[in-house]
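# Observations on the three-dimensional arrangement
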Amino acid sequence: MTQELKPLLAKVEHVHHIIGKKWVNLIIHVLMEGTKRFSELHNIIPDLSKRMLNERLKELEECGLISREVIPDRPVRTEYSLTAKGQELGTALLPVEAWAMKWL
């Protein structure tokens, strides 16, 4: 392998590590439609447990793909939205979704 490909390989592997986790693509897809509260995400993806949804949201926030905003109303609300980085990844995943719908 050439020296030029090594940095690219590391970055591509990192992306696959993130988007290869179950539910990540679907969460990103739903957030492409706009900001959602935790309960909304859970209602849209009912097969995803609350524990796993919470875990995936934390991971995506740590990666800088989503932002979390706590709104101090009564009751307190937490809203999630894609960052610019997350929007760009979501856009990049659209052709993969189209391919999956066609071939799988």
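Residues numbered from 1 in each chain as written. Predicted model: local features only at pLDDT ≥ 70, side-chain atom pairs only at ≥ 80, totals over all residues. Heavy atoms only, no water.

### Description of the pairing of strand β2 (residues 66–71)
The condition that has to hold: A strand pair is defined by DSSP finding two or more bridges across the two strands. Each helix is a run of H or I in the DSSP string that is no shorter than four residues. Each strand is a run of E no shorter than two, and both are numbered from the N terminus.
Both β2 and strand β3 (residues 77–82) contribute to a ladder of 6 bridges, which runs antiparallel. Paired with Ser-67 across the bridge in β3 is Ser-81. Connecting β2 to the next strand, β3, in antiparallel fashion are 5 residues.

### Re the pairing of β3
Inspection of the sheet shows strand β1 (residues 36–37) paired to β3 by 2 bridges, in the antiparallel sense. Residue pairing in the sheet places Arg-37 in a bridge with Glu-79 of β3.

### Looking at the nonpolar core
Here is the rule we go by: Remark: nonpolar core denotes a set of buried residues (Ala, Val, Leu, Ile, Met, Phe, Trp, Tyr, Cys) joined through side-chain atoms within 4.5 Å. The cut-offs for exposure are 20% and 50% of the maximum accessible area for each residue type, with area from a 1.4 Å probe on protein chains only; residues under the lower value are buried, those over the upper are exposed, and the others partly exposed. Two residues form a contact once any of their heavy atoms are found within 4.5 Å.
In this structure, Ile-27, Ile-28, Leu-31, Leu-41, Leu-57, Leu-60 and Ile-66 are the most contacted members of the largest nonpolar core, which totals 20 residues. Every element with two or more residues in this core is listed here: α1 (5–19), α2 (24–31), α4 (50–62), β3 and α5 (84–103). When residues of this core are assigned to their parent elements, the largest contribution, 5 residues, is made by α2. The contacts of Ile-66, once residues within four sequence positions are left out, are Leu-31, Leu-57, Leu-60, Glu-61, Tyr-80, Ser-81, Leu-82 and Thr-83.

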